[in-house]
Amino acid sequence: MSSATWQQFLISQGAQFNESGEAGFISPDAPAPGQLFDLSTHGLIAVSGADALTFLQGQFTNDIKLVQQAAQFTGYCTAKGRLLALFYAFSINEIIYLQCPRTLIPELVKRLRMFVMRSKVLVEDVSEQFVILGLASADSAAHIQHLPLHPHHSSPTPLGSLIRLPDSHGKQRAQLIIETTQAEHAWKTLAATFTPADSVQWDALEIQAGIPQVYKSTQEKFVPQMVNLDALDGINFKKGCYTGQEIVARTHYLGKVKRRTQLAILPDTATAPAIGDPLLDAKQQEAGQLVRVAPNKQGGWWVLAECRLEAQAAGSIYWQEYALGFSELPYTLA
């Protein structure tokens, strides 16, 4: 089933799609205890073969050999230590899957294949072979069945592979990886318990959980620590060499990180903020940029903002003329 066929199915279920391919649904009057999200703006790269783990170990910031035990965040850097992608990596049936924004995948597949050389490794874009659904539950009435006890652990289900994600805003969260042949059945089954919700609401939950992302507009803008990848256990400093490792390690060992990503709220604005937009300090000097943006249902915007810590400590940080209202992240920064 192609992505276009999947979209047509969701339209038959009441969805409307924006220009970015994000699904929207009419929200119920009362807050839904359980929500179901279409995550088809996410794509998957499959890496398989006898040398797959060894190959990826030399490419990514995290210890990819541990992905067979639990899913993980991991970064893919240039030689200068700048992020080309931030993957959520997991293993199903001994195949490693790398999840990231779908728009990045053709370029990333091409780049990874350049370094395969003579290794026994197959790198494929399998985005059309799977559908990814998100589940969020704040109430036992919408219990997520087969939910693992710990974040990043997975369990097989009759519908697909379920991976528990970090909780957000008081909600348990998981994503379900489904073969496209089972996707319509899975959606109808889950929609009997979970209310279909806008994909941008999932982005808001991701932001509230402090989960960054790299998009086309922000490729090569961040060293991994600038988007808190170390705080998310997405960097392993003992695993050995990988592309960009020298820069990432130097940032870790030779001093405190001077730029970090913070959780913040923007008020209602005249125009919509966009990923990659610049941030300014009180003196109208460069202070950072927006990493991730999603509408706040109560008005305004949830954002993840990469900032110079010195500028943040000195006073307000602004997007255009609007001051960011900073909130506490759900994890600790060193």
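Residues numbered from 1 in each chain as written. Predicted model: local features only at pLDDT ≥ 70, side-chain atom pairs only at ≥ 80, totals over all residues. Heavy atoms only, no water.

## Side note on the environment of Gln7
By the element assignment, Gln7 lies in helix H1 (residues 3-12). Note on Gln7: relative accessible area 28%, which makes it partly exposed. A C-alpha to C-alpha distance of 24 Å links Gln7 and Ser137, two positions 130 residues apart in sequence. Apart from residues lying up to four places away in sequence, Gln7 is in contact with Phe17 and Gly21. (Helix = DSSP H or I, 4+ residues; strand = E, 2+ residues; numbered from the N terminus. Buried < 20%, exposed > 50% of the residue type's maximum accessible area, 1.4 Å probe, protein only. Contact = heavy atoms within 4.5 Å.)

## What to know about the sheet that holds strand S6 (residues 83-92)
Two strands in a sheet stick together by hydrogen bonds in their backbones, pointing the same way (parallel) or opposite ways (antiparallel). Judged by pairing direction, the sheet is antiparallel, and its 5 strands sit side by side in the order S5-S6-S7-S4-S8 without closing on themselves. The sheet is open, and its two edges are formed by strand S5 (72-77) and strand S8 (122-125), each paired on a single side. Taken over all neighbouring pairs, the strand axes of this sheet differ in orientation by 30° on average, direction set aside. Where S6 meets strand S7 (residues 95-101), 5 bridges bridge the pair, whose relative direction is antiparallel. Opposite Phe90, over in S7, you have Tyr97 as the bridge partner. Sheet strands in contact with helix H3 (residues 105-114) are strand S4 (42-48), S5, S6, S7 and S8, and its direction is about 170° off that of S8. (Pairing = 2+ DSSP bridges. Axes fitted to C-alpha atoms, helices over the stretch in contact; angles between N-to-C directions.)

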